[in-house]
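Listed below are the residues making up each chain.
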Protein chains: 2
Amino acid sequence: MTETLPLNDLIALVRPQLDRLNRELVLDLAPQQRDLLPLVEHVGGYRGKQLRPMMVFLSAMAAQGSSHSGSLNDDVVQVAKVVELLHTATLVHDDVLDGAGMRRRIATVNQMHGVEIAVLLGDYIYAKAFHMAVQLPDPACARWLAETVRVICQGEITQVLHRFDVAWREDQYFKVIAEKTASLYAAGCRLGGHYVGATEARLRALEEFGLELGIAFQIVDDCLDLEGDERVVGKSLGTDLTKGKITLPMLYLLRRDATSAERLAGLLGLPEQEALRRLRAEFPLEHAIAYAMDEAKRRVAKAQASLSALPSGNARSALSQIAGYVLSRRL
Amino acid sequence: MTETLPLNDLIALVRPQLDRLNRELVLDLAPQQRDLLPLVEHVGGYRGKQLRPMMVFLSAMAAQGSSHSGSLNDDVVQVAKVVELLHTATLVHDDVLDGAGMRRRIATVNQMHGVEIAVLLGDYIYAKAFHMAVQLPDPACARWLAETVRVICQGEITQVLHRFDVAWREDQYFKVIAEKTASLYAAGCRLGGHYVGATEARLRALEEFGLELGIAFQIVDDCLDLEGDERVVGKSLGTDLTKGKITLPMLYLLRRDATSAERLAGLLGLPEQEALRRLRAEFPLEHAIAYAMDEAKRRVAKAQASLSALPSGNARSALSQIAGYVLSRRL
């Protein structure tokens, strides 16, 4: 598990399944209603690295101790599709909540078609995803993912209710990011294993792997929002400050001393560019980022350690490297 | 089927099941997260006549030819709860789309807690409803209702895309209201019958009953938005004009003559009170309403006729009377 491969080499392990997923998702979403086609095609443009479906495939392979994705059954592909659609639905609604105008270098649905369409399209994709989940004869996917979406929303609501709350604590932050982000990774990894009949011990290991990786992923995301380059990241940045979302690097700065806390509180709610410029000029942002990234590294190490419950092989090694990749990502 | 009972007497037929549903829904939705409790309690205040769960119960009874709700199994209660939750989720998101401030005489979620919370709370309730649907051993409820929510969203999206479209046709209007409103009535009635093991012929009759009743319901709703009294109806009115939603009474006025069409187009987008005042003063609104209500009456007659496929009895008679009630409702 020590050698590192570029992400593209990891993707190659499950390339046929990813290609099949992307080919089928267009047809699955394509509505009879011609009016909706441009909307469905628009969100198709959001396609990113597709870490979540990749992890469903690799988890299924790792649980089997298999190195060949050819052994994956149709149910695993269906699970990966549902996970990717649920993720897409949350992105569409997240952009409404954040008032974000750009996602993966293209205009968001709310920017291009208005908030109403974005709310409804998110609902549409959720419903389609649930409908696909309940097509599986084994109800585990539908049950686990319906509960996961409830938990995601619970985390997001808690976050909104505590915006501008400078008394927000780290344990609250970690609970919220576990709910709103990591729960879907955890569910995807677990369900990948479930649909190849893995033991409960392996399912728990996969779930923990997804959870810790997901937490690390969100911490890195929160760092990028403060120190990333919009042209590289490809989405609106600085929105956390403007929206008053208190993330881990901010918690570090808030806890430094009373003056620092008060000055940072003064930046919350300002327009993105001004808030970012002043944060970078007036605060030791690099220390805050280093503090948060240390936590992300610990989470990645924990995720990687949980993989020891699985048989060694290409797939397990790929999962471990994806966890490492999360730390280095710049988009 | 000719005698008419007040709605309260019809409700009495399924009172124990409705009471159970309302008692259990609070517990079902109550989150572990204390932050969310006030939100869940808030939407509890939206509780209306609960026509949809009532119709699930009565459909199950009618399909069995039973007059006693005591014979209903737990699965039917679960279906009714899921239908009521899905309806609640659509209300929460509808109020976001309409920018509505009042619903059943209380502030809407978006008015009280902002658009972000309203979007997320709707998602939360959808997810909870799907999770409850997939608890049922027979997957019919989860499958049918996931597809129904997709259809509801499809109808709503089509409506938004055709706002201010004065070339909008009646057939498009009927398709949209069948999708966005009537599909959930149709699904509820069908599933009520399904979970007591009714024959396909009876399920189709129940589905058609729900569909036609739902179409009539929406036509009446669209009439109330133009001619209702806000103090009686208990929600914001005139929003269709302001939002440019072309409803059946408006289609009547648009088709009268070119001058009338042009003048009506000029009212679309104006603030509610001004648009309503001018519509009532400058157009033969009573003719437009009469035209739309004639259509609603035909739909109700069709709904009632479809009940002939079911055994006669209290429950069938109650369904028929609910269809008649839809025409007379003022809130």
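Residues numbered from 1 in each chain as written. Chains lettered and ligands numbered in written order. Predicted model: local features only at pLDDT ≥ 70, side-chain atom pairs only at ≥ 80, totals over all residues. Heavy atoms only, no water.

K.L.:
Would you mind showing me how to read the overall build of chain A here?
P.N.:
For chain A, the helix and strand inventory stands at 17 helices and two strands. For 331 residues, the compact-globule estimate of 2.2 N^0.38 gives 20 Å, and the C-alpha radius of gyration of chain A, at 20 Å, lies within 12% of that figure. C-alpha atoms of chain A, sized along the principal axes, occupy 60 × 50 × 30 Å. Taking all 331 residues of chain A together, the buried fraction comes to 62%. Carbon and sulfur atoms form 52% of the exposed surface of chain A, whose accessible area is close to 12,300 Å². Each charge class in chain A can be summarised by its mean position, and for the 38 positive and 41 negative side chains these summaries are 2 Å apart. (Helix = DSSP H or I, 4+ residues; strand = E, 2+ residues; numbered from the N terminus. Rg over C-alpha atoms; globule rule 2.2 N^0.38 Å. Buried < 20%, exposed > 50% of the residue type's maximum accessible area, 1.4 Å probe, protein only. Areas by Shrake-Rupley, 256 points an atom, 1.4 Å probe, with all protein chains shown as cover. Lys, Arg positive; Asp, Glu negative; His and termini not counted. Charge placed at Lys NZ, Arg CZ, Asp CG, Glu CD.)

K.L.:
Just to check I follow, could you spell out the side chain of Ser59 of chain A for this structure?
P.N.:
Among the structural elements, Ser59 of chain A can be located in helix H4 (residues 51-64). Those residues in contact with Ser59 of chain A that sit more than four places away from it in its chain are Cys189, Gly193, Leu206 and Leu319 of chain A. (Contact = heavy atoms within 4.5 Å.)

K.L.:
Could you clarify how one ought to interpret the pattern of salt bridges in this entry?
P.N.:
Two side chains with opposite charge may pair up if their charged atoms get near one another. Using the criterion set out here, one finds 45 salt bridges over all chains in the structure. Between Asp19 of chain A and Arg15 of chain A there is a salt bridge, with the nearest N and O atoms lying 3.2 Å from each other. Linking Asp19 of chain A with Arg15 of chain A, this pair stays in helix H2 (residues 15-29), spanning four residues, or about one helical turn. Taking the shortest distance from any N to any O, the salt bridge between Lys81 of chain B and Asp28 of chain B comes out at 3.0 Å. With Lys81 of chain B in helix H5 (residues 74-98) and Asp28 of chain B in helix H2 (residues 15-29), the pair connects residues that are 53 residues apart, well separated along the chain. Judged by its relative accessible area of 23%, Asp28 of chain B is partly exposed. (Salt bridge = Lys/Arg side-chain N within 4 Å of Asp/Glu carboxyl O.)

K.L.:
I tried to follow the confidence of the model for chain A on my own but got confused; where do I start?
P.N.:
For residues with low pLDDT, the predicted coordinates do not support detailed interpretation. For chain A, per-residue confidence averages 92 on the pLDDT scale, and residues scoring 70 or more make up 97% of the total. Across the whole predicted complex the pTM is 0.94, and at the interface the ipTM reaches 0.94. (pLDDT = per-residue confidence, 0-100.)

K.L.:
Just to check I follow, could you spell out the environment of Val82 of chain A for this structure?
P.N.:
All names here are of chain A. By secondary structure assignment, the location of Val82 is in helix H5 (residues 74-98). Given a relative accessible area of 1%, Val82 falls into the buried group. Considering only alpha carbons, one finds Val82 and His131, 49 residues apart in sequence, at a separation of 9.0 Å. Other than its neighbours up to four places away in sequence, Val82 contacts Ala129, Met132, Ala133 and Leu145.

K.L.:
Can you walk me through the interface of chain A and chain B in this structure?
P.N.:
The extent of an interface is frequently quoted as the accessible surface area lost upon association of the parts. Across the boundary between the two partners, chain A contributes 42 residues, which contact 42 residues of chain B. The tally of links from chain A across to chain B stands at four salt bridges. Between Arg163 of chain B and Glu116 of chain A there is a salt bridge, and its shortest N-O distance comes to 3.2 Å. Counting every contact that joins chain A to chain B gives 12 residue pairs in polar contact (both at pLDDT 80 or more). Residue contributions to the side of chain A that touches chain B peak at 13 residues, all from helix H8 (residues 140-161) of chain A. For the side of chain A that touches chain B, the class distribution of residues is 22 nonpolar, eight polar and 12 charged. (Polar contact = N/O pair within 3.5 Å; in protein donor to acceptor, adjacent residues only side chain to side chain. Nonpolar A, V, L, I, M, F, W, Y, C, P; charged D, E, K, R; others polar.)

K.L.:
I keep staring at the relation of the copies chain A and chain B and nothing clicks. Help me out?
P.N.:
Two chain copies here: they are related by a rotation about an axis and a translation along the same axis. When chain A is fitted to chain B, the residual RMSD is 0.0 Å, and the transformation amounts to a turn of 180° plus an axial shift of 0.0 Å. This pairing of chains is accounted for by a two-fold axis. (Least-squares fit on C-alpha atoms with pLDDT ≥ 70 in both.)

K.L.:
Would you mind showing me how to read unusual backbone geometry here?
P.N.:
Residues apart from glycine generally show negative phi values, whereas peptide bonds are mostly found in trans. Here the phi dihedral of Gln50 of chain A falls at roughly 55°; this positive angle occurs in a residue that is not glycine. When you line up the elements, Gln50 of chain A lands in the loop between helix H3 (37-44) and H4.

K.L.:
Would you explain the packing of helix H7 (residues 115-133) of chain A against helix H7 (residues 115-133) of chain B in this entry?
P.N.:
Between two packed helices, both the angle of their axes relative to each other and the distance between the axes serve to describe the pair. With their axes 11 Å apart at the nearest point, H7 of chain A and H7 of chain B run at an angle of 15° to one another. Between H7 of chain A and H7 of chain B, the crossing angle belongs to the class labelled roughly parallel. In this structure, H7 of chain A meets H7 of chain B at a crossing whose hand is right-handed. Contacts between H7 of chain A and H7 of chain B involve Val119, Asp123, Tyr126 and Phe130 of chain A on the former and, on the latter, Val119, Asp123, Tyr126 and Phe130 of chain B. Residue composition of the contact of H7 of chain A with H7 of chain B, grouped by class: six nonpolar, no polar and two charged. (Axes fitted to C-alpha atoms, helices over the stretch in contact; angles between N-to-C directions. Parallel < 35°, antiparallel > 145°, perpendicular 65-115°, else oblique. Left-handed = near helix turned anticlockwise from the far one by under 90°.)

K.L.:
How do you make sense of the nonpolar core when you look at a structure like this?
P.N.:
Buried together is how nonpolar side chains tend to be arranged in soluble globular proteins. Residues Ile219 of chain A together with Ile219 of chain B are the most contacted members of the largest nonpolar core, which totals 249 residues. Look past the residues within four positions of Ile219 of chain B in its chain and what remains in contact with it is Tyr173, Phe174, Ile177, Leu248, Ala292, Glu295 and Ala296 of chain B. (Core = buried A, V, L, I, M, F, W, Y, C linked by side-chain atoms within 4.5 Å.)

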